[in-house]
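Chain residues, written in single-letter form:
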Amino acid sequence: MFNFHVAIIGGGVIGSAIARELSKYKINVIVIEMGSDVASGASKANSGVVHSGINSAEFSLKARFCVEGNKMFQHLADELNLPLKWIGKLVIAKNDEEINKLECLKNVGIKNGVKGLKIIGGTELKKQEPHISCVSGLWVPTAGITLPYQLTIILAENSIENGVKFLLEAKVKDLKKKNDYFLIETNKGNFQSDIVINASGLNCREIVSMIEEPDFNVYPCRGEYLVLDKNYSSLINSMIYPVPVVEHGFLGIHITPTIEGNLLLGPSSEYINNPNDKKTTKEKMNIIFSEAKEIIPIISKKAVINAYAGIRCKLSPPGLYKQVDYIVEESKKTPGLINLLGIESPGLTAAPAIAIEVSNIVSKSIELKQKNKFKSKSNKRKRFSEMSTEEQSALIKEDNSWGRIVCRCEHVTEAEVIKALSNPLEAKTFSSVKYRCRAGMGRCQGGFCTQHIVRIMEKNFNLDIKNIKLKSPDSKLFYGRVRVEKGD
Ligand SMILES: Cc1cc2nc3c(=O)[nH]c(=O)nc-3n(C[C@H](O)[C@H](O)[C@H](O)COP(=O)(O)OP(=O)(O)OC[C@H]3O[C@@H](n4cnc5c(N)ncnc54)[C@H](O)[C@@H]3O)c2cc1C
C-alpha cells in the first residue's frame, strides 16, 4: 500500500492550490479526485472573478482570505502564465436608497482593507460605462477576472511538476483513522496518509461523516448563467453588479466579462436538494435575462450562445439571511483531519491564501523542509490564434498539424488539441480538451469540431470510441458505430 504524508481529497481550485503550496516542501502528497479531470465541481462553473473583499462580513475568514488572496493573484499569474485582467467592478445604484447602500458597501470594504474605492456618478460614470442604466456607482478597482478552470489546471500541473501525485476518477469511499495514520479507501485502491485534507467541496460533510459525527450541514445552492457571444463584449468595460439585496443572500444577477471576451449574465440563486443537479431552467434563464436587461437595456436574446450552472456549497440554510463563515481547521475530534467547509464564493479568490493557512496547519504536525528545486514557473505556449503570422508559419513548417484548424470558431489547431490531450494529468475527456485549448467553446459550441476531436482521440491516442467521455467517468459520448467503414 502506498504511504503519503498528506492526502488531499478533491482536485478543485482549493485542493489544487493546497497541493501546489505543499509541493514546495520535501513531503509526499497525493490528490484524490473522483472526476475525470481537476476542476470538476464549483471550480469550473463560476464567474471567474477575483473579488476585492467588499462583500464579505468584517473580521470574517472570508474577508481575510479574499483580501489576502486578491493581493497574491498577480504574482501567481506571473509565475504560472495565468490569464488575469484587473478590469475593476462597478456596483450600480438605481435610486437614492441604493446610493446609501453603496456607502455601506464602501465602508465594509474599507474596514476589510480594500483600497481605491470611490463612488462615481454623472459624466464620469457615463464615460466609463455608456450603456449602463444607473444613477451612481461604487468603483472597485482591485477586482479582476481570470479563467477559473485554467487556474485549477495550471495549479495542478505545476504541482505534478513538483512531485505531487494526482489520481483522477478515484472516489474516496471510506476513511478510517488507525493509530497514527489514515486509511483511505477508493475505487482505485487503498492509501495510507499521515494527514488528510478534506477539500471535497459539496461532499465535505460526507467525508467528515466517514470518520466522525458532523456538526454542520451543507446546503447546495444552484447558480445558473447565460453566456453571450464575443461580439457583445464592447457593451461594458468592467464587471457590473447591482446593489446586493441582503434577503436574497447572494450578490444578485451581475454582468461579467470573461477573459476570452464573452459576457456572463448571472448567476441566479436557488437552494436545491440534489448537489449534482446542474441543470439550467427556462424560468431562471428568463429571470437572468430580464434582470441583466435592466442593467444594459440594449442587450438582445440573440446574443445568448450557451447556459450553464454551478453549485454553491453553503453552510447557511435557506432563509438565513446572514453570511456563515468558512471553516478551515483541523478537526478537534480527529487530529490530522483538516477540514475546509463551506468554501463558497469568494473561494476562487481566497484559494492561494487558504493554501498558505492549510500549509501552516500541516506544519504543526509534519516538519516542512523547503525543496531546493521548486519549479515555480510554468511554460505555457501562446495560442496559435494569438501568434504573429511569422510565428505561425514557423510552427507549421516544423509540424503541419499546426496548420490544420480543428475548431473554426476559436481557431484551434490540431497540434493544440493533441497537446491538450497530452496533459500531465492524463485527463482525456472532451471537456479536458475544451478547457485546455478552447476547442468547442465558440459560437457553434462544438458543432463543427467534435467529429475532428474524436478522430484525433482515436488516431493519436488509441482511444476506443465507446470509451470517449464528455466530462465525467460516466458521461459516455458514443455507444458504438452506426456504420462500420472499411478499415475501421
Ligand atoms: C455560481 C458560482 C459562482 C461563483 N463565483 C465566484 C467568483 O466569481 N469568484 C470567486 O472567488 N469564487 C466564486 N465562486 C466560489 C468558487 O467557485 C468556489 O469557492 C471554489 O470553486 C470551491 O473550490 P473547491 O475546490 O472547494 O470545490 P470544488 O471545485 O467543488 O472541488 C471539490 C472537488 O472534490 C471532488 N470530490 C468530492 N467528493 C469526492 C470524493 N469522495 N472523492 C474524491 N473526490 C471528491 C469533486 O469531484 C470536486 O472536483 C462561485 C461559486 C459558484 C457556485
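Fair warning: this is a prediction, and the values are worked out from it, not measured in the lab.

Conventions used here
- Residue indices begin from 1 for each chain and proceed along its sequence in written order.
- Since the coordinates come from a predicted model, pLDDT governs what is reported: local features require at least 70, and pairs of side-chain atoms require 80 or more to be given and counted, while whole-chain, interface and lining totals use all residues.
- Using a C-beta atom placed from the backbone, a residue is described as near a molecule or strand when that atom lies within 6 Å of it.
- Secondary structure elements follow DSSP: runs of H or I no shorter than four residues count as helices, runs of E no shorter than two count as strands, and numbering proceeds from the N terminus.
- Under the scheme applied here, ten amino acids are nonpolar (Ala, Val, Leu, Ile, Met, Phe, Trp, Tyr, Cys and Pro), four are charged (Asp, Glu, Lys and Arg), and all others, including Gly, are polar.
- Domain extents, as shown, originate in an automatic or database domain assignment.
- Interaxial angle, 0 to 180 degrees, is taken between N-to-C directions of lines fitted to C-alpha atoms, where a helix line uses only the stretch in contact.
- Each crossing gets its handedness from the near helix: less than a right angle anticlockwise from the far helix is left-handed, clockwise is right-handed.
- By the convention adopted here, residues are in contact when the distance between their C-beta atoms, placed from the backbone, does not exceed 7 Å.
- Three exposure classes are used, all based on how many other C-beta atoms lie within 10 Å of a residue's own C-beta (placed from the backbone): buried at 20 or more, exposed at 12 or fewer, and partly exposed between those limits.
- Pairing between strands is defined by DSSP: at least two bridges between them are needed.
- Take the buried Ala, Val, Leu, Ile, Met, Phe, Trp, Tyr and Cys residues, join any whose C-beta atoms are within 7 Å, and the set you get is a nonpolar core.

(A) Just the site of the ligand, in detail. Looking at the ligand, there are 39 residues lining it, with Gly10, Gly12, Gly41, Gly201 and Gly347 nearest. Those elements that place two or more of their residues in the shell around the ligand are helix H1 (13-22), strand E18 (304-314) and helix H8 (347-363). A per-class count over the shell around the ligand returns 15 nonpolar, 20 polar and four charged. No fewer than three residues from each of domain 1 (1-78 + 146-218 + 315-380) and domain 2 (79-145 + 221-312) sit in the shell around the ligand.

(B) Seen up close, the packing of helix H10 (residues 414-421) against helix H11 (residues 430-437). Closest axis-to-axis distance for the H10/H11 pair is 9 Å, and the angle between their directions is 115°. Between H10 and H11 lies a crossing of right-handed hand. On H11, the residues that touch Glu416, Val417, Ala420 and Leu421 of H10 are Ser432, Val433, Arg436 and Cys437. Tallied by class, the residues present in the contact of H10 with H11 amount to five nonpolar, one polar and two charged.

(C) Expanded view of the domain arrangement of the protein. Splitting the protein by domain gives domain 1 (1-78 + 146-218 + 315-380), domain 2 (79-145 + 221-312) and domain 3 (384-467). The partner domain 2 presents 37 residues to the 38 residues of domain 1 that form the contact. Of all the secondary structure elements, the ones that give two or more residues to the side of domain 1 that touches domain 2 are strand E3 (49-50), helix H2 (61-80) and helix H5 (148-161). In terms of residue count, the dominant contributor to the side of domain 1 that touches domain 2 is H2 (nine residues). Among the residues making up the side of domain 1 that touches domain 2, the classes are represented as 16 nonpolar, 17 polar and five charged.

(D) Main features of H1. Across the ten residues of H1, ten count as buried, placing the element largely inside the fold. On its buried face, H1 is in contact with strand E1 (2-9), strand E2 (29-32), H5, strand E12 (189-198), strand E20 (337-341) and H8.

(E) View of the pairing of E20. Most of E20 sits inside the fold, with five of its five residues counted as buried. On E20, burial covers both faces: Leu337, Asn339 and Leu341 on one face and Ile338 and Leu340 on the other are all buried. Where E12 lies against E20, three bridges are found, and the strand directions are parallel. Bridging across to E20, valine 196 finds its partner in leucine 337.

(F) Layout of unusual backbone geometry. Cis peptide bonds are those with omega within 30 degrees of zero, and the linkage from glycine 266 to proline 267 qualifies with -5°. Here proline 267 lies in the loop between strand E16 (263-266) and strand E17 (270-271). The omega torsion across serine 345 and proline 346 is 10°, close enough to zero to call that bond cis. Take proline 346: it is sitting in the loop between E20 and H8. The phi dihedral of glutamate 426 falls on the positive side, at around 60°, and the residue is not glycine. Position of glutamate 426 relative to the elements: it lies in the loop between H10 and H11.

(G) Spotlight on the nonpolar core. Formed by 118 residues in total, the largest nonpolar core has its most connected members in Val6, Ala7, Ile8, Ile18, Ile197, Leu265 and Ile354. Among all residues touching isoleucine 197, those that are not within four sequence positions of it are Val6, Ile8, Ile9, Ile18, Ile338 and Val358. With 19 residues, the next largest nonpolar core counts Val406, Val412, Cys437 and Ile453 among its residues.

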